[in-house]
Amino acid sequence: MNTAAAKKQKFTRIQSIKFEDFLSTYPPGEVQAIGNLGVIRSPSSTPILIKPRLKLYCPNSVCSGVRFFDSYQTKKVTLSEKWSRIFLHYSCANCRTHSKIFAIMARWNTDIDEGEAIKVGEWPPFGPKVSARVISILGENKDLFLMGRRAEIQGLGIGALAYYRKVIENQKDHIIDELMRVVRRTGSPEPYIEKLKSAKMEKRFKEAVELISDALPQALLINGYNPLALLDQAISKGSYAHNDTDALKLATALRRILSELADRVVRALEDQTDLDEAVNFILQHD
Ligand SMILES: [Zn+2]
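Residues numbered from 1 in each chain as written. Predicted model: local features only at pLDDT ≥ 70, side-chain atom pairs only at ≥ 80, totals over all residues. Heavy atoms only, no water.

**Digging into the domain arrangement of the chain**
You can read the domains of the chain as domain 1 (3-123) and domain 2 (132-284). Measuring from the centre of the C-alpha atoms in domain 1 to the corresponding centre in domain 2 gives 39 Å. (Domains from an automatic or database assignment.)

**Brief notes about the coordination of the zinc ion**
Ligation of the zinc ion by protein atoms is provided by C58 (SG), C63 (SG), C92 (SG) and C95 (SG), these donors lying 2.3 to 2.4 Å from the ion. Taken together, the 4 donor atoms coordinating the zinc ion span angles of 103 to 114° at the metal, a pattern that classifies the geometry as tetrahedral. Here the donor residues of the zinc ion share one chain and are spaced in sequence as C-x4-C-x28-C-x2-C. In this pair, C58 sits in strand β4 (residues 54-58) while C92 sits in strand β6 (residues 84-92), placing the two residues 34 residues apart along the sequence. (Donors = N, O, S within 2.8 Å, 3.2 Å for Na, K, Ca; no water. Tetrahedral: all angles 85-135°; square planar, octahedral: opposite > 155°, others 65-115°. Helix = DSSP H or I, 4+ residues; strand = E, 2+ residues; numbered from the N terminus.)

**Here's the deal with the pattern of salt bridges**
For the structure on display, the rule yields 19 salt bridges. Its salt-bridge partner being K172, residue D173 comes within 2.8 Å of it at the nearest N-O pair. Residue classification places D173 among the partly exposed positions, given a relative accessible area of 35%. Looking at K172, the relative accessible area reads 4%, which means it is buried. R267 serves as the salt-bridge partner of E260, at 3.7 Å between the closest nitrogen and oxygen. Taking relative accessible area as the criterion, R267 reaches 35% and is therefore assigned partly exposed. (Salt bridge = Lys/Arg side-chain N within 4 Å of Asp/Glu carboxyl O. Buried < 20%, exposed > 50% of the residue type's maximum accessible area, 1.4 Å probe, protein only.)

**Structural notes on helix α5 (residues 157-170)**
In this model α5 runs 20 Å from its N-terminal to its C-terminal C-alpha over 14 residues, within 8% of the 20 Å that 1.5 Å per residue would give. Of the positions making up α5, those classed as buried are G157, A160, L161, Y164, V167 and I168. One side of α5 carries all its buried residues, which in axial view fall inside an arc of 130°. In this structure, the buried side of α5 is in contact with α3 (132-138), α4 (142-153), α6 (172-185), α8 (205-211), α9 (227-238) and α10 (244-284). (Expected span 1.5 Å × (residues − 1). Arc of directions from axis to C-beta. Contact = heavy atoms within 4.5 Å.)

Structure representation (structure tokens):
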């Protein structure tokens, strides 16, 4: 085996990733060896950058799901030993209206006969999809939540925890309003509503949570616990987290509980609407 092939085998086995995975799932800022960054048409020619088909979430109302994205740029980009700055334009193959732009730097490492790339940025910005239900409970703090999600994905636990904590504290009143909608719609006892009203008047999140400790319908409890009390506990523990690893676990827990709560609010309201329709149907066709 020649030296380049030996180096490549050693290098690629450990680090090489697919270009499509690099573009769709890796955050900006890290150099990666890419197994299929370019193709060499003949032994004497220079490698040409490939533009792989990607699977990305398309928020367009006609798509609202994961769709194929293609690059419609026809200009060939050659790769050399020197780093080149490259913009890649992608569009949703289904609606053709939603686009994604990546700014990358790429080079061909002749030592291992393989490409390397670093993502400089992307637009819309890097970050996983957040469900519409969660967005609805986040209100105007949606952007703070998305920054928390980005920090979480990059392993920046302390940052993610700080963003999520801010979101929950800022959204206290809105979250309580949502809970109140469920309590009213499901015909819960009047004292529940009074407790939620007092909690809304309370400025501090912790005290507000204590006021409504037992004022939530069963459908909103997570494993039998009041979700707001779980959020409050995670926030309290977070103030003692001294490293990114511990903070990251708490941040992920906070996000999961908040997402589950948003899901349960929407589901409880939908279930009640279905029940109302069923009851009305029976009564009208008596
Ligand atoms: Zn689309």
